[in-house]
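For reference, the chains in residue letters:
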Amino acid sequence: MSRSVTLIFTRAMDIGSLIEDDSSDTDSSAVSEDEGKKKSSECYPNCDVNVWLRSCEQEIVNPIEGIVKGNIPEWLNGSLLRNGPGSLKVGEMTFNHLFDSSALLHRFNIEDGKVTYQCRFLKSDVYKKNTAAQRIVVTEFGTRAVPDPCQTIFNKIASIFRKPGENSSDNAMISIYPFGDEYFAFTESPIIHKIDPTTLNTEAKLNLSDYVGIVNHTSHPHVMSDGTVYNLGCSVTKTGPVYTIICFPNGENMFENAHIVASVPARWKFHPGYMHTFGITENFFIIVEQPLSVSVPSMLMSQIKNEPMAASLKWFETQQTYIYLLDRDTGELRHTFHAEPFFYLHIINQYEKEGHVVLDICCYKDPGMLNCMYIETMKNMQTNPDYAKMFRGRPLRFVLPLSYKNSMKNSPSSSSLFGVTRSWSGLMKKLSVTESEDNDTDASEKSRDLTLTNLVTLEGMKATAYTLPNSTIFCKPEILCNLGCETPRIYYEKHLGREYQYFYAISSDVDAENPGTLIKVDVLNKTKLTWCEENVYPSEPIFVPNPYPKSEDDGVVLAAMVWGREEENRVGLIVLDAVTFTELGRSEFTTPGPVPKCLHGWFQSTKTNE
């Protein structure tokens with residue numbers, strides 16, 4: 001049954017309140033006198049940000065064998081492929097932002113209980129140009145290149161009209177995904193690089209704008225159980241930018257057969273939203289349009305002035321987040337939902353249930369965390385008391401009702417409360433939700449109230465949704481875990497777009513007692529398990545199921561890990577029992593040079609259940 005609620009002018013538990021709640025279970029045990037002195041001199045004494053700032057000085061082309069401790073399951077055979085920042089240095093120059101670092105590929109190969117490790121730089125065009133010139137010659141996300149004295153203003157203007165991807169860096173240092181039996185390194189330009197999953201050699205460069213009409217795409221496509229791949233891109237039309245879902249059918253000629261299957265116009269003609277991922281369910285593609293946009297006029301001017309793309313990002317703090325549901329069969333827009341403004345990079349999962357879509361996202365109140373990844377800011381984080389707040393995020397659940405009517409009951413004063421001159425976003429931040437049966441609200445207050453009906457009828461859900469006076473459906477989320485969670489992963493092969501119970505993540509709380517914590521969240525019971533070890537910094541945890549799983553978490557969680565402080569030449573692979581979240585085994589390596597922390601990857605299994 002739907003519940004009626006009353007909206008009154010008091011403090012709301014909005015998204016910012018959910019995210020900024022510092023009463024988390026992260027820390028605060030007693031410390032010794034020496035530790036106390038250290039804490040007074042450093043804002044985040046338990047966090048070594050230098051694990052991100054290292055530069056690989058020597059590739060490991062031939063695999064080296066690690067020292068195994070504990071037991072690695074006999075059934076676990078395959079390669080954990082990783083991608084991420086590899087070097088911040090080019091000659092005497094240094095990149096300004098973590099996203100600019102030269103891509104470094106890693107491979108942990110597991111076979112019969114033994115593990116080997118190797119790493120190689122992605123041989124992108126920009127990497128080869130920089131290496132040859134020994135300086136930064138292509139402008140990156142946050143770094144301006146050394147100007148080419150031979151390039152005139154006319155050359156710069158002409159470059160704007162070249163094929164998408166040709167003007168920008170092809171440094172694909174975010175993720176790795178399979179297309180059939182081939183593997184590709186991704187970034188957000190339409191350029192992807194084919195890599196050899198055994199040698200890590202860079203084999204080919206593809207510009208997806210050659211196959212389908214897009215100017216960019218996300219770093220996180222979705223690989224379906226039948227091998228079909230979907231991704232979200234942006235196309236430019238006569239009427240403005242359009243978000244497009246591209247389908248790469250499984251089989252031969254996946255790229256040649258690529259086509260657009262769904263689309264929806266961006267809400268602002270000159271400010272398409274910044275997209276890093278998207279969602280997919282049985283019947284819908286889900287596009288979450290946050291109010292962080294790429295300003296087209298600023299971007300064009302940046303190309304002429306040789307300015308980094310980061311300068312073109314614009315945050316509309318008073319604008320709402322839009323959530324679009326596009327029909328997977330027809331490609332048409334079926335539903336639009338509204339929420340308070342938030343920033344996100346990663347969607348955890350999404351599924352349909354009993355006339356609702358459940359959508360779980362790692363949310364931030366604003367995009368300040370992007371500024372946290374400027375190299376100077378990272379180096380100075382220990383003297384910045386606001387750094388942790390800028391990086392503060394929480395996993396939130398939105399529940400989107402698919403059946404709704406204008407269920408608002410107007411009181412005589414409703415028009416004055418919701419006048420057309422009011423900012424909807426600002427108004428919702430001033431409102432709080434109170435049960436209509438609340439006997440503590442006096443009669444005079446009730447006369448000024450506007451009674452709405454919660455459209456969310458799923459049992460056990462605290463997230464709400466309401467039809468507002470302008471007929472929009474406004475959604476307020478619930479928190480899944482009061483810990484910062486990032487790079488979330490699930491039992492992807494079976495539960496992508498389906499109801500699920502568990503996700504796995506790394507901590508994003510730099511002020512936690514141990515910022516290198518791995519987290520397992522039970523979204524059904526709202527409980528969590530954690531694993532950590534002093535001075536160890538794991539990367540994105542990837543779930544690998546047992547060959548014959550008896551439950552959703554019957555398997556292992558794999559994570560690459562590096563050590564902090566002076567242990568720059570130490571890298572490892574941790575294997576956790578996914579049920580208990582305790583260590584089964586690990587393999588550790590001593591490398592010839594520093595190893596930086598990585599971002600995203602994929603597990604390539606070499607043995608099947610057959």
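In what follows, the structure referred to is the one given above.
Residues numbered from 1 in each chain as written. Predicted model: local features only at pLDDT ≥ 70, side-chain atom pairs only at ≥ 80, totals over all residues. Heavy atoms only, no water.

Draft legend 1. Here's a closer look at the pairing of strand E25 (residues 356–364). In terms of residue burial, E25 counts as a mostly covered element, since nine of its nine residues are buried. Here E25 shows two buried faces, one formed by His356, Val358, Asp360, Cys362 and Tyr364 and the other by Val357, Leu359, Ile361 and Cys363. Pairing geometry for strand E24 (residues 343–353) and E25, over eight bridges, is antiparallel. Looking at E25, one finds that Glu352 is bridged to Val357. Hairpin connection of E24 to E25: two residues between the antiparallel strands, including Glu354 at a positive phi of 50°. In this sheet, strand E26 (residues 393–401) lies alongside E25 in antiparallel orientation, the contact comprising nine bridges. Residue Cys362 lies in a different strand from E26, and its bridge partner there is Pro395. (Buried < 20%, exposed > 50% of the residue type's maximum accessible area, 1.4 Å probe, protein only. Helix = DSSP H or I, 4+ residues; strand = E, 2+ residues; numbered from the N terminus. Pairing = 2+ DSSP bridges.)

Draft legend 2. Layout of the pattern of salt bridges. Counting across every chain of the model gives 26 salt bridges. Between Lys128 and Asp125 there is a salt bridge whose closest N-O contact spans 3.9 Å. Residue Lys128 and its partner Asp125 are located together in helix H4 (residues 125–133), separated by three residues, close to a single helical turn. The class for Lys128 is partly exposed, based on a relative accessible area of 46%. Classification of Asp125 as partly exposed rests on a relative accessible area of 28%. Close ionic contact of Arg570 with Glu567 constitutes a salt bridge, the shortest N to O distance being 2.5 Å. Judged by relative accessible area, Arg570 falls into the partly exposed class, the value being 22%. In the salt-bridge network here, residues are joined through shared partners; they are Lys69, Glu533, Glu567, Arg570, Glu583, Arg586 and Glu588. (Salt bridge = Lys/Arg side-chain N within 4 Å of Asp/Glu carboxyl O.)

Draft legend 3. Molecular detail of the sheet that holds strand E35 (residues 527–531). On the basis of which strands lie adjacent, the open sheet formed by four strands has the order E32-E33-E34-E35 and antiparallel pairing. With partners counted over all chains shown, the strands left at the sheet margins are strand E32 (485–489) and E35, one partner each. Taking each pair of neighbouring strands and ignoring which way they run, the sheet shows an average axis angle of 30°. (Axes fitted to C-alpha atoms, helices over the stretch in contact; angles between N-to-C directions.)

Draft legend 4. Just the nonpolar core, in detail. Ranked by size, the top nonpolar core spans 153 residues in total, and within it Phe398, Phe503 and Leu558 carry the most contacts. With seven residues, the top contributor of residues to this core is E25. Setting aside chain neighbours within four positions, we find Phe503 in contact with Ile348, Pro395, Leu480, Cys485, Pro488, Arg489, Ile490, Ile519, Lys520, Val521 and Val523. In this structure, Ile506, Trp531, Val536 and Ile574 belong to the second largest nonpolar core, which totals 16 residues. (Core = buried A, V, L, I, M, F, W, Y, C linked by side-chain atoms within 4.5 Å. Contact = heavy atoms within 4.5 Å.)

Draft legend 5. Layout of unusual backbone geometry. One non-glycine residue, Asn253, lies in the positive phi region at around 60°. Relative to the assigned elements, Asn253 resides in the loop between strand E16 (240–248) and strand E17 (259–265). Not every positive phi belongs to a glycine, and Phe581 is a case in point at roughly 60°.

Draft legend 6. Representation of the sheet that holds strand E31 (residues 478–479). Pairing is antiparallel in the open sheet, where four strands are placed in the order E24-E25-E26-E31. What marks the edges here is a single partner per strand, and that holds for E24 and E31.

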